[in-house]
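Analysis of the macromolecular model
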Amino acid sequence: MSKSVFHAALGAAALLASMGTTSAFAHATLETQTAKADSYFKAVMRIPHGCEGKATNDVIIELPDGFYSAKPMAHHGFEMSVETGAYHKPLTLHGREKTEGVRKVTWSGGVVEDWAYDEFIVFGRIGNVEAGETLYFKTTQLCGDDASVVWGEIPVEGEKRPAKPAPSLKIVANADAHGHGHNHGDKKAEHKEHGKMVMAGDIHIESAWTRATPPNAKAGGAFLKLTNKGHHADRLIGASSSVSKVVEVHEMAMVNDVMKMQELTDGLAIESGATVELKPGGYHLMLIGIHNPIAKGDMVKITLEFEKAGKVDVMFPAAELGAPGMDHSNH
Ligand SMILES: [Cu+2]
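So, here's what we can say about the structure. (Residues numbered from 1 in each chain as written. Predicted model: local features only at pLDDT ≥ 70, side-chain atom pairs only at ≥ 80, totals over all residues. Heavy atoms only, no water.)

**Some remarks on the overall build of the protein chain**
In terms of regular secondary structure, the protein chain is built from two helices and 23 strands. Relative to its full complement of 331 residues, the protein chain shows a buried share of 44%. For the protein chain, contacts bridging at least 24 residues in sequence account for 70% of all contacts bridging at least 6. (Helix = DSSP H or I, 4+ residues; strand = E, 2+ residues; numbered from the N terminus. Buried < 20%, exposed > 50% of the residue type's maximum accessible area, 1.4 Å probe, protein only. Contact = heavy atoms within 4.5 Å.)

Shown next as structure tokens:
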């Protein structure tokens, strides 16, 4: 009994303290919504209300790729538990490679009344993400056995803001970080563009880029990173663009000791949970029969087609002629 009284009192105090400045927010959001690349960050998740009138009993935060070495903070009146798993990419911190860690935190069995406000905290390290990218902290509130609120929708540029957006964290440049390959000063604008994430259903599309072509070139390559966040495998089955006659999905393969490229006629599989990178020397999109040379700085629009996720337009900024990769692809 004394526990819930204390809890209600704490919630009311926090609500009063936040009124006036933030009383209008109705979504679960992070208190601080920007973080520097390669820095430590305290994610404070703000829970502004329950589930349509019902008190919140459990809060679950799924940690995004790019958030390492997570340590959740205990919360009075709640049991805390974690799920660990492999990171999408290892990160070396203080000379040690981190390959797995906490990916999901659950605070359960407490009470946050619908009229109360509360906060749940996870401390961690931002890594393997670039300025301009956004991390999403999917957050679920469970209220009793039959009610819940899931803050898990990813906003798509140019579309209506979702009703239950996933709490987001925008990554900004870190002037203090060393050895991170940010030496392409003249490509800042392009980099910003290509750092944007596009979604097609469960497929996250990132790091799209192409490169300038020589004057009489008939073909060019285009590159990007695809991550399947869904529970079912999908395939990239085709692509098209107004800049060339056709766009094919290619792979590089050794044929009689010679590296050759060939079309993947069945498309490129993206298994559930997998990230497939299309990059120079590996899988790539091939623009065949280019109508006009591509110049550095051009934005090339390519429509990708997935077997399940359908069609999506992606903008590919053009790097200089012969560029081995944009900033991302080098590390
Ligand atoms: Cu090719």
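**Points about the sheet that holds strand 6 (residues 79-93)**
Spatially, five strands are ordered 6-7-4-10-11 in an open sheet, and the strand pairing comes out antiparallel. Strands with a single pairing partner mark the edges of an open sheet, and in this sheet they are strand 6 and strand 11 (147-151). Strand-to-strand twist in this sheet, taken as the mean axis angle between neighbours without regard to direction, amounts to 20°. Pairing of strand 6 with strand 7 (residues 96-108) involves 11 bridges; the strand directions are antiparallel. When the bridges of strand 7 are listed, serine 81 appears paired with threonine 106. (Pairing = 2+ DSSP bridges. Axes fitted to C-alpha atoms, helices over the stretch in contact; angles between N-to-C directions.)

**Considerations on the state of the cysteines**
Using the criterion set out here, one finds one disulfide in the structure. One disulfide in the model links cysteine 51 with cysteine 143; its S-S distance is 1.9 Å. The disulfide joining cysteine 51 to cysteine 143 has a torsion of about 65° about its S-S bond and is therefore right-handed. Of the two residues, cysteine 51 is situated in the loop between strand 3 (40-47) and strand 4 (58-62) and cysteine 143 in strand 10 (residues 138-143); the sequence distance between them amounts to 92 residues. Note on accessibility: cysteine 51 and cysteine 143 belong to one class, buried. (Disulfide = S-S within 2.5 Å.)

**Digging into the sheet that holds strand 8 (residues 118-126)**
For sheets, the rule is that strands pair by backbone hydrogen bonds, running either parallel or antiparallel. If you trace the four strands from one edge of the open sheet to the other, you get 1-3-8-5, paired in antiparallel fashion. Edge positions in the sheet fall to strand 1 (29-30) and strand 5 (67-72), since each of these pairs with one other strand and no more. In terms of strand pairing, strand 5 meets strand 8 through four bridges, oriented antiparallel. Bridge pairing in strand 8 places proline 72 opposite valine 122.

**So, the coordination of the copper ion**
Taken together, His250 (ND1), Met261 (SD), His284 (NE2) and Met286 (SD) make up the protein donors of the copper ion, found 2.0 to 2.2 Å from the metal. We note that the donor set of the copper ion lies within a single chain, spaced as H-x10-M-x22-H-x1-M. In this pair, histidine 250 is assigned in strand 17 (residues 244-255) and methionine 261 in strand 18 (residues 258-263), connecting sequence segments 11 residues apart. By relative accessible area, methionine 261 is classed as partly exposed at 41%. (Donors = N, O, S within 2.8 Å, 3.2 Å for Na, K, Ca; no water.)

**Considerations on unusual backbone geometry**
Unusually for a residue other than glycine, serine 69 sits at a positive phi of about 50°. Structurally, serine 69 can be placed in strand 5. In this structure, asparagine 128 is a non-glycine residue whose phi angle is positive, near 60°. The residue asparagine 128 is located in the loop between strand 8 and strand 9 (134-136) in this model. Given the relative accessible area of 23%, asparagine 128 is considered partly exposed.

**With respect to the nonpolar core**
One finds Leu63, Phe67, Ile126, Phe137 and Leu169 to be the most contacted residues of the largest nonpolar core, which totals 32 residues. Of all the secondary-structure elements, those providing two or more residues to this core are strand 3, strand 4, strand 5, strand 7, strand 8, strand 11 and strand 12 (168-172). Among the elements that make up this core, the one with the highest residue count is strand 3 (four residues). Not counting the four nearest positions on each side in its chain, phenylalanine 67 is found in contact with Phe41, Ala43, Tyr87, Val122, Phe123, Gly124, Arg125, Ile126 and Phe137. Membership of the second largest hydrophobic core comes to 28 residues, among which are Ile203, Ile270, Ile290 and Ala318. (Core = buried A, V, L, I, M, F, W, Y, C linked by side-chain atoms within 4.5 Å.)

**Section: the pairing of strand 18**
As judged from the six bridges shared by strand 17 and strand 18, these two strands associate in the antiparallel manner. For methionine 252, the partnering residue across the bridge sits in strand 18 and is methionine 261.

**Notes on the pattern of salt bridges**
For side chains of opposite charge, pairing can occur when their charged atoms come near one another. Using the criterion set out here, one finds six salt bridges in the structure. Across the pair lysine 54 and aspartate 146 runs a salt bridge, and its minimum N-O distance is 2.7 Å. One end of the pair, lysine 54, is in the loop between strand 3 and strand 4; the other, aspartate 146, is in the loop between strand 10 and strand 11, and 92 residues separate them in sequence. Overall, the relative accessible area of 64% leaves aspartate 146 in the exposed class. Close ionic contact of lysine 301 with aspartate 313 constitutes a salt bridge, the shortest N to O distance being 3.7 Å. With a gap of 12 residues between them, lysine 301 in strand 22 (residues 299-306) and aspartate 313 in strand 23 (residues 310-319) connect regions that are remote in the sequence. For lysine 301, a relative accessible area of 43% translates into the label partly exposed. Residue class for aspartate 313 comes out partly exposed when judged on its relative accessible area of 41%. (Salt bridge = Lys/Arg side-chain N within 4 Å of Asp/Glu carboxyl O.)

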